[in-house]
Amino acid sequence: MTAPDTARHGLKRRRPEWKPWLSVIEEIVRETATGRWEASVPSSVQPPQTGIPLLAGATLAVDTSSVRRLLRRLTQIASLSGSANIATLASALNADLDVLTLFNASLCQDSDRVDAVATARGADPGALQAVVALLTLPLLQACNRRWASSISESWVEGYCPVCGSWPAFAEVRGIERSRSFRCARCGGEWHARVLSCPYCTEGSHHAHVSLVPENGGSHGTIDACKSCHGYVKTFTRLRGCQPETVMLEDLATVHFDVAALDQGYTRPSGAGYSLEVTVTDKGAAGRFLGWKA
């Protein structure tokens, strides 16, 4: 059994009410494992400039039909929950839907653009946001696999050096107690400075507070910032979790998020860095080349 399988089965046992949504997650994990998105990752990237993620400004060619099929599969699986909100997506995702716009919005974590599509098509914005957020994970995971070796050890930004996302949590690892942030979207990791808020870079000891949820166990804490009221879940482990399980680990520790919210701390919405990527249909060039008068 793979690490993602173990994590999912554990979540199903502990959270049986999540089973319908975990089925959607399973589909994304399967899609990620196929490797078919590797072809959409740019073959080469420049080492990241100061503060600029590798994906920023990139042009990505994806197969529109593959994106459309994946979006439909995710929606169909999610609809098995019987949720009225998810049901509104069925009629909205018809053939003329510009899926590349949604794909681009997902990459850039542009919730306003997704909401606009939902409103125009009579779909529930929250339901569309939830599904579209997963749509680009297979490509982002492929980017991390290809580019992980290009990440500078000197990267100290609070957001992911691959995709610009805020960290899902931090890991304190091994005897050395090295500290790393983890990204739930691409699975990436990067060095986390001690007593430094990833959101506002506040480094004062007096602005830092650690919270321990009563039912959270001894392996984890909540590191919070009194200046911006942001927080990061932090877990002590012998070794880091695998890239494809970061999202599942984030879900499995949602009680830490609840505890932080109860204390008035939040995580920022959206991305830590505006990517401004361009998404094109990689099949378009072939179709035009094959066109005959």
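Residues numbered from 1 in each chain as written. Predicted model: local features only at pLDDT ≥ 70, side-chain atom pairs only at ≥ 80, totals over all residues. Heavy atoms only, no water.

1. Details of unusual backbone geometry
As a reminder of what qualifies: To qualify as a helix, a DSSP run of H or I must reach at least 4 residues; to qualify as a strand, a run of E must reach at least 2; elements of each kind are numbered from the N terminus. Exposure is judged per residue with a 1.4 Å probe applied to protein chains only, and the accessible area is read against the type maximum: over 50% gives exposed, under 20% gives buried, and values in between give partly exposed.
One non-glycine residue, R177, lies in the positive phi region at around 55°. In this structure, R177 sits in the loop between β2 (169-173) and β3 (178-182). Positive phi outside glycine occurs at L195, with the angle close to 55°. Tracing the chain through its elements places L195 in the loop between β4 (189-191) and β5 (208-211). Judged by relative accessible area, which is 29%, L195 ranks as partly exposed.

2. Considering the pattern of salt bridges
Put simply, the rule is: Any Lys or Arg side-chain nitrogen located within 4 Å of an Asp or Glu carboxyl oxygen qualifies as a salt bridge.
Following the criterion strictly, the structure yields 18 salt bridges and no others. The salt bridge involving R173 is made with E189; its shortest N-O contact spans 2.9 Å. With a gap of 16 residues between them, R173 in strand β2 and E189 in strand β4 connect regions that are remote in the sequence. What makes E189 partly exposed here is its relative accessible area of 36%. R267 is the salt-bridge partner of D250, the closest N and O atoms lying 3.5 Å from each other.

3. Some remarks on helix α8 (residues 125-135)
Using the following cut-off: The arc in question is the one traced by the directions running from the helix axis out to the C-beta atoms. Two N or O atoms form a polar contact when they lie within 3.5 Å of each other; inside protein one atom must be a possible hydrogen donor and the other a possible acceptor, and for residues adjacent in sequence the pair counts only when both atoms belong to side chains.
Taken together, the buried positions of α8 are occupied by A127, L128, V131, V132, L134 and L135. Seen from one end, α8 has its buried residues packed into an arc of 155°, which puts them on one side. Capping the start of α8, D124 holds a side-chain oxygen 3.1 Å from the backbone nitrogen of G126, two or three residues further along.

4. Details of the confidence of the model for the protein chain
Any segment with low pLDDT has predicted coordinates that should not be analysed in fine detail. For clarity, the cut-off: Each residue gets a pLDDT score, which is the predictor's confidence in that residue and runs from 0 to 100. What makes two residues a contact is simply this: any of their non-hydrogen atoms within 4.5 Å.
Per-residue pLDDT for the protein chain has a mean of 88; in total, 92% of the residues score no lower than 70. pLDDT under 50 marks residues 285-293. Its contacts with residues more than four places away, or in other chains, come to one contact.

5. Quick word on helix α9 (residues 137-147)
The element α9 is extensively covered by neighbouring structure, given that nine of its eleven residues are classed as buried. On its buried face, α9 is in contact with α2 (19-34), β1 (59-62), α3 (64-79), α6 (99-108), α8 and α10 (246-252).

6. Brief notes about the nonpolar core
Under the convention used in this document: Among buried residues, the Ala, Val, Leu, Ile, Met, Phe, Trp, Tyr and Cys ones that are joined through side-chain atoms within 4.5 Å form a nonpolar core.
Ranked by internal contacts, the top residues of the largest apolar core, which has 84 residues, are L55, F103 and L128. Looking at this core, the element that brings in the most residues is α6, giving seven residues.

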